[in-house]
Amino acid sequence: MKEYRTINKIAGPLLFVEKTEPIGYGELVNIVLYDGTIKRGQVLDTSDTLVVVQVFETTAGIGKDSGVRFTGETIKMPVGRDMLGRILSGGGKPIDGGPEIVPEKRLDITGAAINPWARASPNEFIQTGISTIDGTNTLVRGQKLPIFSAAGLPHNTIALQIARQAKVLGGKGEFAVVFAAMGITKEEANYFMQDFERTGALERAVVFLNLADDPAVERIITPRLALTTAEYLAFDVGMHVLVILTDMTNYCEALRQIGAAREEVPGRRGYPGYMYTDLAGIYERAGIVKGKKGSITQFPILTMPGDDITHPIPDLTGYITEGQIVVSRELHRKGIYPPINVLPSLSRLMNLGIGAKHTREDHKKVSDQLYAAYAEGNDLRGLVAIVGKDALSERDRMFLEFADLFENRFVRQGLDEDRTIQGTLDLGWELLSTLPVEQLVRIDRDLINKYHPKFRNAPKAT
Amino acid sequence: MEVKDKKSKESGILKRIAGPVVTAVNLDAHMYDVVKVGKEELMGEVIKISGEDIIIQVYEDTSGIRPGEPVINTGLSLAAELGPGLLTSIYDGIQRPLSVLVDKMGDFIQRGVSAPGLSHEKKWTFKPTVKAGDKVEGGTIIGEVQETNIVHRIMVPPTAKPGVVKTIKSGDFTVDETVCILDDGREFPMIQRWPVRVPRPVKEKKNPTIPLITGQRILDGLFPIAKGGTAAIPGPFGSGKTVTQQQLAKWSDAEIVVYIGCGERGNEMTEVLTEFPHLEDPKSGKPLMERTVLIANTSNMPVAAREASVYTGITIAEYFRDMGYDVSLMADSTSRWAEAMREISSRLEEMPGEEGYPAYLAARLSEFYERAGLVKTLNDRSGSVSVIGAVSPPGGDFSEPVTQGTLRIVKVFWALDAKLSQRRHFPAINWLNSYSLYLDSLHDWYDKEVSPEWNKIRSWAMEVLQKEAELQEIVQLVGSDALPEAEQVTIEVARMIREIFLQQNAYDAVDTFCDMKKQYDMMKTIRLYSDLAYAAQAAGVSPGQINATKSKNDLPQIKFIKDYKPALQKIEKEMDAEFTQLRSAA
Ligand SMILES: Nc1ncnc2c1ncn2[C@@H]1O[C@H](COP(=O)(O)OP(=O)(O)OP(=O)(O)O)[C@@H](O)[C@H]1O
Ligand SMILES: [Mg+2]
């Protein structure tokens, strides 16, 4: 392989290399330092006069004297079954002291889009044991459902509880977890690793760690390595893979950094205009393929800068993913765990995975009614702050109380409390039964007669 | 994919590759020529010519392509293949059938594979509708093919000069085989090709006067769109753009539906593909899929093809319109299309306009929506294309360029509101901000087809909702009990309009579609309650007593009942009885 020493300019993570032979767009590049260290990069722009290379590590030590080797192929990842149980760097190198991965295949890390015609509609209910998810924002296998959180909130604890408790009722098949850390602290990473070890999950997990002090640009490839591994495990090996990506905010920061180095016209808040397309290239790598056994379910975690859901990172994510679970500072301050605010939360695939065939026939309508009642009670809180409780009508007072009850009974649960879906729905009915039955306008009469605590035990007329 | 007269086919070489935009030199090319890029012959389109440099957007991934590789100009422009076989198909942005792509390259979309829009092997039974000696011209219908339950009318290409039929065939043919020969020797197969960026010609554009009935109460009832009209549905993520568009694709009384998934989710298209074949058209009773053409260029498929997808879609829609059909086209989401333009434009290093969008954004948006309309076709039929575009404003902020550019053109605005969707008020369309500029032109239709009372009752409902909004501001300060008694009744009536009439559950087997008759009946009963309640209040009955009436409690259930009439009559009777009693007691 020819080595060039024609670096003309270095700006941020970018190298500008001159006088090369024709180089392919997207090619993997090795940069050889004076001491023999090799760094990796990728071609971002190629022409007959100049090649722009993005380096995935720090550019410290790279100079005009460094050698540049173009490998002639795009970035590939060696994958194999023996990756399970392994800990890799954010760049895909083993860091657990174990041997190199024995590759069964080498796959392009960009991944190709699943042809929509080849997709199967996700509809298998995953029980997480958390009422605010199972009851009102149901997760299904093959969904991409992010957690929108913010600094200082217990998103990691929630993610771990989900990873521990998630199961498909009566479901078969092998599970695996692919965990990709991007720019999180060592302490946070340990928190995950210890839980994986404690529960034995590590054996069936592949961990990619790019920590806060690792190169920021490496974060660009970490999720892609993780998803390439997940695709292999799901569609080649046939496993059901849960992918946790944390923290996507750090990923987006890295993307912005590269955009700035390329002197691109920045979009909203300085993030590149193509961030939607770029994120879609990550999030869309979830789902089920017709005729294949496995599946990929994605749980990206992101922290909303300034708790702002309209910030480009959560905003663009929400436009791509199939819903979102929103962690709320207000509930957290009230001491409620898990502090999931159901109002802005959503699972778009919920309707496919619930109902008589999957959970219970009353699921959808109970959920709708809980939402409507909680939203109404929650609104009234603002009013009470101004006019006082006494100015409320009888009806309004009931909804106000319902909101408190909902937070304290339905939302609040223990760190290891694993509720069944029946338990969650019955709890929902129990709370709804504190409201007059004619206020339950979202539910049809038949279901009320069958499930409402006031009626379900009443002797049936014969 | 072709059209235009052949030009000299030239071959050049690649000079630069930077993502989806590449530069070639030594190439003789014109704007929008389709070119084959690199050794793998990836499809691209010329989008800029600058000195020696020919700049090309490539519809497939360009990884691994090197400077020095060849570029071939086909001399043709990007065109759609039009003919039998379109219905029930699902295409990518450049009309490659996704099912064929799965057969050719597996479950993941690879590159370098071409696939024609129509099957060139399949035979269709062609029944002529003209005979030897008949005069024909551009647009004349020369025969029919029973494509699905829809009759596909075969037309002379719109730009063809007039002539006289010498031979017309009958029987089974592929789309390429000649079915008609003219005196002057011209031969026509069933297939025609049309450059997607050019509107197909019509004789005349007319003003729409008939609503597109969608079965969605807030749309048909309050903010209707006309057949041949344009509507925009902007809203933040998760507010209901896709569900509303899919509801329209399912239940609107168009004869043909073109649904473009432009830069959105793969699973949403899969959902349509799995659901539609099992749903019945409420009018024809036939599977909905039989009248549908899908275009899916999802968010992770190449952006240049995303840019092309809306043009491919509207060209197909116009083609069916030209047969005399009412077509409705949904584009979800036009923002992703605009972003594709932005991405390409920034790679061209064009001077950016507002928020980085190209300066020609507004022009492209209006050119697109202008292709909607109710028309007199070249063959003197009446056909229409209604266009409903979703808009995805960043942060849900409607002041951004795509929403604003769209609102300047479209006549109907369905404003989605995150506050409503968060409380699961669906469709989350804000009744105060939304509007329809077709109300006047549709007035007579509602008068005749629904009831002479309809327009009045609609205005009444809007007034109540408006009044409620004002009252709510006061309630926020003093509480509802402090309102004058009559206004407490207004609050209750408005609540009924919102919860009973406006809210509609797309996932309930019955409520998902509500015809105009039922819409009218429901609104009439709410109006009856309102009249009775005000009368009682005037007679001295307290709001507490009025609110405690039981008969209205069954009203929300009407939505879920298919044969609702008996139940509704019972409610009305009980209402009457309850209020009579209250009044006499007062
Ligand atoms: N008419 C409706 N009836 C019942 N539920 C609805 C209705 N409209 C929307 N929803 C609910 O809202 C969710 C989000 O709707 P939808 O996917 O259409 O949002 P969107 O505006 O297209 O979002 P995005 O911009 O992210 O694509 C749906 O999954 C569904 O649960
Ligand atoms: Mg959508």
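Fair warning: this is a prediction, and the values are worked out from it, not measured in the lab.

## With respect to the overall build of chain A
- A tally of helices and strands in chain A yields 14 helices and 22 strands.
- Taken over the C-alpha trace, chain A has a radius of gyration of 25 Å; the compact-globule value for 462 residues is 23 Å, and the two agree within 12%.
- Over its C-alpha atoms, taken along the principal directions, chain A stretches across nearly 90 × 50 × 40 Å.
- The buried share of chain A, reckoned over its 462 residues, is 62%.
- Within the structure as shown, chain A displays about 16700 Å² of accessible surface, and the carbon and sulfur contribution to it stands at 51%.
- Between the averaged position of the 54 positive side-chain charges in chain A and that of its 58 negative side-chain charges there is a distance of 3 Å.

## A short note on the pairing of strand β9 (residues 86–89) of chain A
All names here are of chain A.
- Residue alternation in β9 divides its side chains into two sets, Arg-86 and Leu-88 and Ile-87 and Ser-89, and both sets are buried.
- Looking at chain direction, β9 and strand β17 (residues 205–211) are connected through 4 bridges and run parallel. Its bridge partner lying in β17, Arg-86 is registered against Val-206.

## Some words on the packing of aromatic side chains
- Under the criterion given, the structure shown has 24 aromatic pairs over all chains.
- Where Phe-192 of chain A meets Phe-196 of chain A, the ring centres are 6.3 Å apart and the plane angle is 50°; that geometry is what we call tilted. Taken together, the residues Phe-192 of chain A and Phe-196 of chain A, both in helix α3 (residues 186–199) and 4 residues apart, mark about one turn of the helix.
- By relative accessible area, Phe-196 of chain A is classed as buried at 3%.
- Sitting over the face of the ring of Trp-117 of chain A, Lys-290 of chain A holds its NZ or CZ atom 5.0 Å from the ring centroid.
- Of note, Arg-336 of chain B hangs over the ring of Tyr-276 of chain A, and the distance from its end group to the ring centre comes to 3.8 Å.

## Comments concerning the packing of helix α12 (residues 485–502) of chain B against helix α13 (residues 516–538) of chain B
All names here are of chain B.
- α13 packs onto α12 with a crossing angle of 165° between their chain directions and a minimal axis gap of 10 Å. Classed by the angle they form, the pair α12 and α13 counts as roughly antiparallel. Relative to α13, the crossing made by α12 is right-handed. On α13, the residues that touch Glu-485, Ala-486, Val-489, Thr-490, Glu-492, Val-493, Met-496, Ile-497, Ile-500 and Phe-501 of α12 are Gln-519, Met-522, Met-523, Ile-526, Tyr-529, Ser-530, Ala-533, Tyr-534 and Gln-537.
- For the contact of α12 with α13, the per-class residue count stands at 13 nonpolar, 4 polar and 2 charged.

Each value, and the rule that gives it
Residues numbered from 1 in each chain as written. Chains lettered and ligands numbered in written order. Predicted model: local features only at pLDDT ≥ 70, side-chain atom pairs only at ≥ 80, totals over all residues. Heavy atoms only, no water. Helix = DSSP H or I, 4+ residues; strand = E, 2+ residues; numbered from the N terminus. Rg over C-alpha atoms; globule rule 2.2 N^0.38 Å. Buried < 20%, exposed > 50% of the residue type's maximum accessible area, 1.4 Å probe, protein only. Areas by Shrake-Rupley, 256 points an atom, 1.4 Å probe, with all protein chains shown as cover. Lys, Arg positive; Asp, Glu negative; His and termini not counted. Charge placed at Lys NZ, Arg CZ, Asp CG, Glu CD. Pairing = 2+ DSSP bridges. Phe/Tyr/Trp six-rings, centres within 6.5 Å; stacked < 30°, edge-to-face > 60°. Lys NZ or Arg CZ within 6 Å of the ring centre and 35° of its normal. Axes fitted to C-alpha atoms, helices over the stretch in contact; angles between N-to-C directions. Parallel < 35°, antiparallel > 145°, perpendicular 65-115°, else oblique. Left-handed = near helix turned anticlockwise from the far one by under 90°. Contact = heavy atoms within 4.5 Å. Nonpolar A, V, L, I, M, F, W, Y, C, P; charged D, E, K, R; others polar.

Purely geometric stuff here, so don't read any function into it on its own.
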